[in-house]
Amino acid sequence: MKNCCHTFRIFAVAILALIIVDRLNGVGSQTQAQNSQRSSQAFVPGTGEQFIEVGDDFEYPDWAYNYKLPKVHNHDDTALAENLPLGMSQNGRWHEGKKRGQPDLVQRVETPPGGINGSTGALALRTLASGGSYPSRTQQQEDLIANFQGTVGRIPVSRSPSVVTRVWLPPIDQWEVRSGCHFAFRIGLETNPAPQSGRYRQISTSSEDNSFWPGIFLNREVKVDAASGAIQSDQLSFWMKATSNSYRIDGPKIGTMGWWSLGMSISPDGEVHYYAKPGVEDLTADDHLASAYPFGKRAVQLRSFFFNVCNGDDGKTWSTEFIIDDPSLFLLR
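Below, the structure is looked at part by part. (Residues numbered from 1 in each chain as written. Predicted model: local features only at pLDDT ≥ 70, side-chain atom pairs only at ≥ 80, totals over all residues. Heavy atoms only, no water.)

Looking at the overall build of the protein
Next, step 1: The helix and strand inventory of the protein stands at three helices and 22 strands.
Next, step 2: Counting the 333 residues in the protein, one finds 49% classified as buried.
Next, step 3: Sequence-distant contacts, at least 24 apart, represent 74% of the contacts inside the protein between residues at least 6 apart.
Next, step 4: Carbon and sulfur atoms make up 53% of the accessible area of the protein, which totals about 16000 Å². (Helix = DSSP H or I, 4+ residues; strand = E, 2+ residues; numbered from the N terminus. Buried < 20%, exposed > 50% of the residue type's maximum accessible area, 1.4 Å probe, protein only. Contact = heavy atoms within 4.5 Å. Areas by Shrake-Rupley, 256 points an atom, 1.4 Å probe, with all protein chains shown as cover.)

Digging into the state of the cysteines
Next, step 1: Counted under the stated rule, the structure contains zero disulfides.
Next, step 2: The cysteine Cys181 is free of any disulfide, with Cys310 supplying the nearest cysteine sulfur at 3.9 Å.
Next, step 3: A residue is classified by how much of its surface remains accessible, and Cys181, at 8% relative accessible area, is buried.
Next, step 4: Given a relative accessible area of 1%, Cys310 falls into the buried group. (Disulfide = S-S within 2.5 Å.)

Here we look at the side chain of Ser304
Next, step 1: Within the secondary structure layout, Ser304 lies in strand 21 (residues 301-311).
Next, step 2: What makes Ser304 buried here is its relative accessible area of 10%.

As for the environment of Glu53
Next, step 1: Locating Glu53 in the fold gives a position in strand 2 (residues 49-55).
Next, step 2: As for Glu53 and Phe148, which are separated by 95 residues in sequence, their C-alpha atoms are 8.7 Å apart.

Comments concerning the packing of aromatic side chains
Next, step 1: A complete count under the given rule lists 14 aromatic pairs for this structure.
Next, step 2: Seen in terms of ring centroids, Tyr65 and Tyr67 are 5.1 Å apart; in terms of plane orientation they differ by 70°. Their pairing is edge-to-face.
Next, step 3: With a relative accessible area of 8%, Tyr65 lands in the buried category.
Next, step 4: Summarising the aromatic geometry, the rings of Phe238 and Trp260 are spaced 5.1 Å apart at their centres and angled 65° between planes, so their arrangement reads as edge-to-face. Placement of the pair is Phe238 in strand 16 (residues 231-241) and Trp260 in strand 18 (residues 258-266), with a sequence separation of 22 residues.
Next, step 5: By relative accessible area, which is 5% here, Trp260 ends up buried.
Next, step 6: Joined through ring pairs, the aromatic side chains of Phe58, Trp63, Trp94, Phe148, Trp175, Phe183, Phe185, Phe305, Phe307 and Phe322 make up one cluster.
Next, step 7: Residue placement shows Arg298 over the ring face of Tyr293; its charged tip is 4.2 Å from the ring centre. (Phe/Tyr/Trp six-rings, centres within 6.5 Å; stacked < 30°, edge-to-face > 60°. Lys NZ or Arg CZ within 6 Å of the ring centre and 35° of its normal.)

Written out as structure tokens, the structure is:
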């Protein structure tokens, strides 16, 4: 009996050790398989009527962005008050992020090969001084935000809104050599807002405590030999923010460069649905990656969509240049 108990203790300790190791290895993320089961409320981004007051096709040859420097910086608490008005595109459809500032390069360019049929213009995004007045030497981000507030206000999720974009990924030898996030396509959502009346749809004022910002993130994990500088391993993948318990959702690995189509839809129950596929064709149900109530919150209103451009903020290394085209808003109802 004594030997039996001793054996049981050893077995229990071994199982506990495996559980601890498994949790340590999995902290901060969950696999796509754990989250890819399609919700009954999921619908394909781009479904319904395009809301032409929001978004852009960048086809106008004189498209331009007014930076209105100095830009907002992450670490400068007083920068927002000192920097108003924020940078904005001449057509009024894009503006600088109020908290983190705009990319240092926001420029219309010719559409790279393989883009949307008939497209002649797209938008290049790239940044250098992402962290503040002095390099932070940590990963930082800049924001370019679609102008909702000045056009249609916040949109109730009862309208089943969705957003889509195309993004061009350059050849891997043109990327910033750094592990971490390089780019993101995100949405701003609110839960339990205080409603007010407004033209077209509900407009509200709410505190930042009611706001959250899920999205689709583009990640690179690269290992470089310290002596030779040679790249030993390299992997690109998508991940999504976030599960109901705030874990990230690991998405597909990226083996195809060039154009990708990304989209997010928000169903009337407040759940967010993520989609992606290589190429510029319209998204379909087969392109579903995951569905979740990010951070355990149910969205009530869509307030914005925006792009993050990230780099290591060392004061000398530019971020990877990404090119976006035809970011659009759709309403199913």
